[in-house]
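Inside the fold
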Amino acid sequence: MRLSLRWKLTLSYLLVISVLILVLGGLLLHAWNVLGPMFPAVAPAVWRRLELMLLTAVGLAVLVAFFLGVKLASDISNPLEEVTRAARRLAQGDFSVHLRRESRDEIGELAAAFAHMSETLKAKLEEIAAAKSRLEAVLRYTVSGLVLLDTRGRVMMMNPAAEKLFGLSAEAAVGRHHIEVIRDYHLSAAIGEAKEKRCVVSREVNLLYPEERTVQAYVAPVWETDEITGLIVVFHDITELRRLERLRTEFVASVSHELRTPLTAIRGFSETLLNGALEDRAAAEHFLRIIDDEARRLSALIDDLLDLSRLELKRANLNIVTFALGPLVESIATSLKPRLEKAELRLEIALSEPDLSVQGDKDRIRQVLLNLLDNSIKYTPPGGRITVRAVRQGETVQVEVEDTGRGIPPEDLGRIFERFYRVDKARSRGDGGTGLGLAIVKHIVELHGGRVWATSRLGKGTTISFTLPAGKPLT
Ligand SMILES: Nc1ncnc2c1ncn2[C@@H]1O[C@H](COP(=O)(O)OP(=O)(O)O)[C@@H](O)[C@H]1O
Ligand SMILES: [Mg+2]
């Protein structure tokens, strides 16, 4: 039976009223019963029957009213209880509740409205959760450090990049004043300034703890309508940028210095010649030879510099082929024969397999071997021995140039691959070295995906080793 609440209540009233009428009727009849003898015309038996009928009717009416009342009451209270239970579960965050929407009365409508509300609430909460997780992902994966401060300057939030930058976990930082976390006076001043001037303040800051870093910090006030509710501080790590800038400046300084040395010699000797040395033919020839040497050095230096910059910009297009190492080393040995003889040095070639092959740019590998052999010849005293060795190790081939020369002091060993680094500056220059040979070697090997390293014993000899991808077996 689908009755509206109003009808149910109306029915209940009707029932109550009908019961009242019946009870009244009963009382009236009873009164009549008492008054009966006053009306002898009506037989007592008839009176009694009337009384019995009325009593039965009253009894039945009370029973019916009772059961109907119970039914109506439960019809009203059951759905209400269900809605209350559902509301409680909803308050505890359980969105799985489903209300039956059987009755079409106000309670049914209430249940429907409630279900709608719970669905909307669920959708809204899901939206909020999704937005939150998106924001968290952004914060977690941004490389810039991010710190959110409240108006009193206390940390409210910090992302992993900031944790790393300040060497502090977010849990430890949240709730603490920024000066305790960031530990830099200039940054704190910038935060104060952004709050006071109500604008974005940017500053370059050097952090000392947990490691030395240079960061560019941007402090921005966070607005809500007209009020500042906090500050957001973004940190860009520019340590690497500053390091590269410094390297570039240093490089320009070294290049200028390296170029000036031969130029000074050229100018000095040409001036001497102009000032009269030309008359002395022998001296003039000697000076001109020096000028020629220095000019050659200058041009070698420029060639090496250009080569190095091409390699560093990765513009050098490698022409990778598979080739046999043996013939290449032999041809280099032949070309170096006069120099080796003059320096009284022996060159030995030891390949683990006669047709050992590698993958690489043949001309560039020739340049690597020539640079290494040139060093060995320069830095090995007469009577010494130079060995070119190559061993296949799985996917790579390890090549070594070993000499019995003067060796490299351990403290210099790590730096010889740097540009212009020379153990004995004056001596290397005198030998016509540019200080760029090993830097070029390193670049070429690394462009081939290999590694280069040096081992040495002072006074005993040096070994420079490098790896190259092994050649694919010819099938
Ligand atoms: N085989 C070697 N024996 C001793 N010292 C070496 C050897 N190879 C390189 N070095 C040291 O490393 C420095 C850098 O080498 P390199 O870059 O080729 O420059 P350069 O040969 O022009 O001086 C050399 O100046 C020298 O001091
Ligand atoms: Mg060299």
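Residues numbered from 1 in each chain as written. Chains lettered and ligands numbered in written order. Predicted model: local features only at pLDDT ≥ 70, side-chain atom pairs only at ≥ 80, totals over all residues.

Glancing now at the packing of helix α11 (residues 362-378) against helix α14 (residues 437-447). Remark: α11 packs on α14, axes separated minimally by 9 Å, with the N-to-C direction vectors making an angle of 150 degrees. Seen along the crossing, α11 lies across α14 with a hand that is left-handed. Residue-level inspection shows R364, Q367, V368, N371, L372, D374 and N375 of α11 in contact with α14, the latter providing G437, I440, V441, I444 and V445. Of the residues in the contact of α11 with α14, the class split is six nonpolar, four polar and two charged. (Axes fitted to C-alpha atoms, helices over the stretch in contact; angles between N-to-C directions. Helix = DSSP H or I, 4+ residues; strand = E, 2+ residues; numbered from the N terminus. Left-handed = near helix turned anticlockwise from the far one by under 90°. Contact = placed C-beta atoms within 7 Å. Nonpolar A, V, L, I, M, F, W, Y, C, P; charged D, E, K, R; others polar.)

Quick look at helix α9 (residues 281-312) now. The terminal C-alpha atoms of α9, which comprises 32 residues, lie 46 Å apart, in line with the 46 Å expected from a rise of 1.5 Å per residue. Tucked into the core, α9 has its buried residues touching α8 (239-274) and α14. Just beyond α9, the residue with positive phi is K314, at close to 60 degrees. (Expected span 1.5 Å × (residues − 1).)

The next subject is the site of ligand 1. Around ligand 1, the structure places 23 residues, and the nearest of them are R422, V423, G433, G437 and L438. For the shell around ligand 1, the secondary structure elements donating two or more residues are α11 and α14. Counted by class, the shell around ligand 1 contains eight nonpolar, eleven polar and four charged residues. (Near = placed C-beta within 6 Å.)

Reading across from one edge, β7-β9-β10-β12-β11 is the order of the five strands in this open sheet, with mixed pairing throughout. The open sheet has two free edges, formed respectively by β7 (346-351) and β11 (452-457), since each of these has just one partner strand. Recorded for the sheet is a direction-independent mean angle of 15 degrees between the axes of neighbouring strands. Here six bridges tie β11 to strand β12 (residues 461-469), and the two strands are oriented antiparallel to one another. Pairing of A454 across the sheet is with I464, part of β12. Packed on one face of the sheet, helix α10 (residues 325-342) meets β7 and β9 (385-393) and runs near 175 degrees to β7. Seen against the sheet, α11 touches β9, β10 (396-403) and β12 and runs at an angle of roughly 25 degrees to β10. (Pairing = 2+ DSSP bridges.)

As for its placement among the helices and strands, A112 is situated in helix α3 (residues 106-141). Each C-alpha atom, one on A112 and one on V83, is 9.9 Å from the other, the two residues being 29 residues apart in sequence.

This part takes up helix α7 (residues 185-197). With 13 residues, α7 ought to run about 18 Å at 1.5 Å a step, and its terminal C-alpha atoms sit 18 Å apart, in line with that. Burial in α7 covers these residues: L187, A190, I191 and A194. Here the buried residues of α7 occupy an arc of 100 degrees about the axis, which is enough to place them on one side. Opposite its buried face, α7 presents the exposed residues Y185, E196 and K197, each directed more than 90 degrees away. Those residues of α7 hidden inside the fold are in contact with β1 (145-150), α6 (178-182), β3 (201-207), β4 (213-224) and β5 (227-237). (Buried ≥ 20, exposed ≤ 12 C-beta atoms within 10 Å, placed from the backbone. Arc of directions from axis to C-beta.)

Counting through the fold element by element, L125 comes out in helix α3. Placed 32 residues apart in sequence, L125 and G93 show a C-alpha to C-alpha distance of 10.0 Å.

Another point: the pairing of strand β2 (residues 155-158). As paired elements, β1 and β2 share three bridges and run antiparallel to each other. Bridge assignment links V147 to a residue of β2, and that residue is M158. The turn linking β1 back onto β2 is made up of four residues, and G153 within it adopts a positive phi angle of 85 degrees.

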